[in-house]
Amino acid sequence: MKSIVILISGRGSNMEALLQARLPARTAAVISNRPEAAGLALASSRGVTTEVVDHRAFEARERFDAALTERIERARPDLVVLAGFMRVLGDEFVRHFEGRLLNIHPSLLPLFPGLHTHRRALAAGVRVHGCSVHFVTTHLDGGPIVIQAAVPVLLGDSEETLAARVLAQEHRIYPQAVRWFLEGRLHFGADGRLVVDAPEDAGGFLIAPALSQAEAND
Ligand code: GRF
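Values in this document were obtained by computation on a predicted structure and should not be read as measured data.

### Details of the domain arrangement of the protein
Line of reasoning, step 1. Domain assignment breaks the protein into domain 1 (1–97) and domain 2 (104–218).
Line of reasoning, step 2. Put simply, the middle of domain 1 and the middle of domain 2, counted by C-alpha atoms, are 21 Å apart.
Line of reasoning, step 3. With 22 residues of domain 1 at the interface, the matching set in domain 2 holds 15 residues.
Line of reasoning, step 4. Approximately 1600 Å² of surface area, both sides summed, lies buried where domain 1 meets domain 2, with 72% of it carried by carbon and sulfur atoms.
Line of reasoning, step 5. By the criterion of area lost to domain 2, the three top residues of domain 1 are Asn14, Leu79 and Val94, representing 28% of everything that side buries.
Line of reasoning, step 6. Our count for the domain 1 to domain 2 interface comes out at zero salt bridges.
Line of reasoning, step 7. Seen at the junction of domain 1 and domain 2, the total is five residue pairs in polar contact (both at pLDDT 80 or more).
Line of reasoning, step 8. For the side of domain 1 that touches domain 2, the elements supplying multiple residues, two or more each, are β1 (2–8), α1 (13–20), β4 (79–82) and α4 (91–97).
Line of reasoning, step 9. The element that contributes the greatest number of residues to the side of domain 1 that touches domain 2 is α1, accounting for four residues.
Line of reasoning, step 10. Residue composition of the side of domain 1 that touches domain 2, by class: 14 nonpolar, two polar and six charged.

### With respect to the packing of aromatic side chains
The description of an aromatic ring pair rests on the distance of the ring centres and on the angle between the ring planes.
Line of reasoning, step 1. According to the stated counting rule, one finds four aromatic pairs in the structure shown.
Line of reasoning, step 2. Between Phe58 and Phe64, the ring centres sit 5.9 Å apart and the planes meet at 65 degrees, which makes this aromatic pair edge-to-face.
Line of reasoning, step 3. Owing to a relative accessible area of 3%, Phe64 belongs among the buried residues under this scheme.
Line of reasoning, step 4. Look at Phe135 and Phe181: their rings are 6.3 Å apart centre to centre, the planes differ by 55 degrees, and that puts the pair in the tilted class. Placement of the pair is Phe135 in strand β6 (residues 128–135) and Phe181 in helix α6 (residues 159–182), with a sequence separation of 46 residues. In this pair, the class of Phe135 matches that of Phe181, namely buried.

### Topic: the packing of α1 against α6
Line of reasoning, step 1. One way to put it is that α1 packs onto α6 with a least axis distance of 9 Å and a crossing angle of 45 degrees. Of the possible angle classes, the one that applies to α1 and α6 is oblique. Crossing handedness for the pair α1 and α6: right-handed. For the pair formed by α1 and α6, the contact residues are Ser13, Asn14, Ala17 and Leu18 on the first element and Leu167, Glu170, His171, Tyr174, Pro175 and Val178 on the second.
Line of reasoning, step 2. Along the lines of polarity and charge, the residues of the contact of α1 with α6 split into six nonpolar, three polar and one charged.

### Focus: the packing of α1 against helix α2 (residues 38–45)
Line of reasoning, step 1. Interhelical geometry of α1 versus α2 gives an angle of 15 degrees and a closest axis separation of 9 Å. Put simply, α1 runs roughly parallel to α2. Here α1 runs over α2; the crossing is right-handed. When α1 is examined against α2, the residues Met15, Glu16 and Leu19 are found in contact with a partner set consisting of Gly39, Leu42 and Ala43.
Line of reasoning, step 2. Across the contact of α1 with α2, the residue classes tally to four nonpolar, one polar and one charged.

### Some thoughts on the nonpolar core
Line of reasoning, step 1. Ranked by internal contacts, the top residues of the largest apolar core, which has 43 residues, are Ile6, Val133, Val146, Tyr174 and Val178.
Line of reasoning, step 2. Broken down by element, the residue count for this core peaks at nine residues, all from α6.
Line of reasoning, step 3. Formed jointly, this core draws a minimum of three residues from each of two domains, domain 1 (1–97) and domain 2 (104–218).
Line of reasoning, step 4. When near neighbours in sequence (up to four residues on either side) are disregarded, Tyr174 contacts Asn14, Leu18, Val81, Leu82, Ala83, Leu102, Asn103, Ile104 and Val133.
Line of reasoning, step 5. Formed by 19 residues, the second largest nonpolar core is a distinct cluster that contains Val53, Ile72, Phe97 and Val136.

### Digging into the site of the ligand
Line of reasoning, step 1. Every residue near the ligand is listed here: Arg11, Gly12, Ser13, Asn14, Gly84, Ile104, Pro106 and Glu170.
Line of reasoning, step 2. Between an oxygen atom of the ligand and a side-chain N or O atom of Glu170, the distance comes to 2.7 Å.
Line of reasoning, step 3. Protein coverage of the free-state accessible area of the ligand, which is 360 Å², stands at 86%.
Line of reasoning, step 4. A breakdown of the residues in the shell around the ligand according to their chemical character gives two nonpolar, four polar and two charged.
Line of reasoning, step 5. Taken domain by domain, the shell around the ligand gets at least three of its residues from each of domain 1 (1–97) and domain 2 (104–218).

The rules behind these values
- Residues numbered from 1 in each chain as written.
- Predicted model: local features only at pLDDT ≥ 70, side-chain atom pairs only at ≥ 80, totals over all residues.
- Heavy atoms only, no water.
- Domains from an automatic or database assignment.
- Contact = heavy atoms within 4.5 Å.
- Buried area = accessible area lost by both parts, 1.4 Å probe.
- Salt bridge = Lys/Arg side-chain N within 4 Å of Asp/Glu carboxyl O.
- Polar contact = N/O pair within 3.5 Å; in protein donor to acceptor, adjacent residues only side chain to side chain.
- Helix = DSSP H or I, 4+ residues; strand = E, 2+ residues; numbered from the N terminus.
- Nonpolar A, V, L, I, M, F, W, Y, C, P; charged D, E, K, R; others polar.
- Phe/Tyr/Trp six-rings, centres within 6.5 Å; stacked < 30°, edge-to-face > 60°.
- Buried < 20%, exposed > 50% of the residue type's maximum accessible area, 1.4 Å probe, protein only.
- Axes fitted to C-alpha atoms, helices over the stretch in contact; angles between N-to-C directions.
- Parallel < 35°, antiparallel > 145°, perpendicular 65-115°, else oblique.
- Left-handed = near helix turned anticlockwise from the far one by under 90°.
- Core = buried A, V, L, I, M, F, W, Y, C linked by side-chain atoms within 4.5 Å.
- Near = heavy atom within 4 Å.
- Areas by Shrake-Rupley, 256 points an atom, 1.4 Å probe, with all protein chains shown as cover.

Next up, the structure:
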């Protein structure tokens, strides 16, 4: 059976969605760079091995990256899943895992890479916002996109209400993307573009839920 390692820094709701999704893989470990991450207890309660590689214990970023690489490789995972992992990883780390490293980002990339995506979406006045799962490359939040979900931006939205609407979609698309990876459905064409060989009933590559105003305000 294939195995995955999930990296977190905090709450761990995406990690939980992955653990609940009955993916065709064993979660070999959940690793956090923060000992206080709430997701660690959640993972333990589900019987998953947890580890902490505290970035504050390392003077140089490269040392942290090397320690993290070593911990991950001990588990020999087929895929490394960044689920709210809030450290920028160095080029060496990314190259080491390239092609087997996925991230979820709370915007419709390439819009709003980096932090505070919901605040920036509101400030920009976009009517549609969302989330993206992508392969990680050395270009920050710029790797090949696997799946995206769109949500409306509603009148009266705050950063929090918009974030919650996006998060609900993150929990749908991340398990889907990981499942596609594990099933061998993600391929890179000769031109370097990602081809998703998805079954027709997968709901398409773009999930765009038609939320009514009432549902969105729930
Ligand atoms: C998510 O919005 C994710 O897209 C972003 O950080 C947040 C993590 O949430 N990178 P959680 O820890 O998965 O609940």
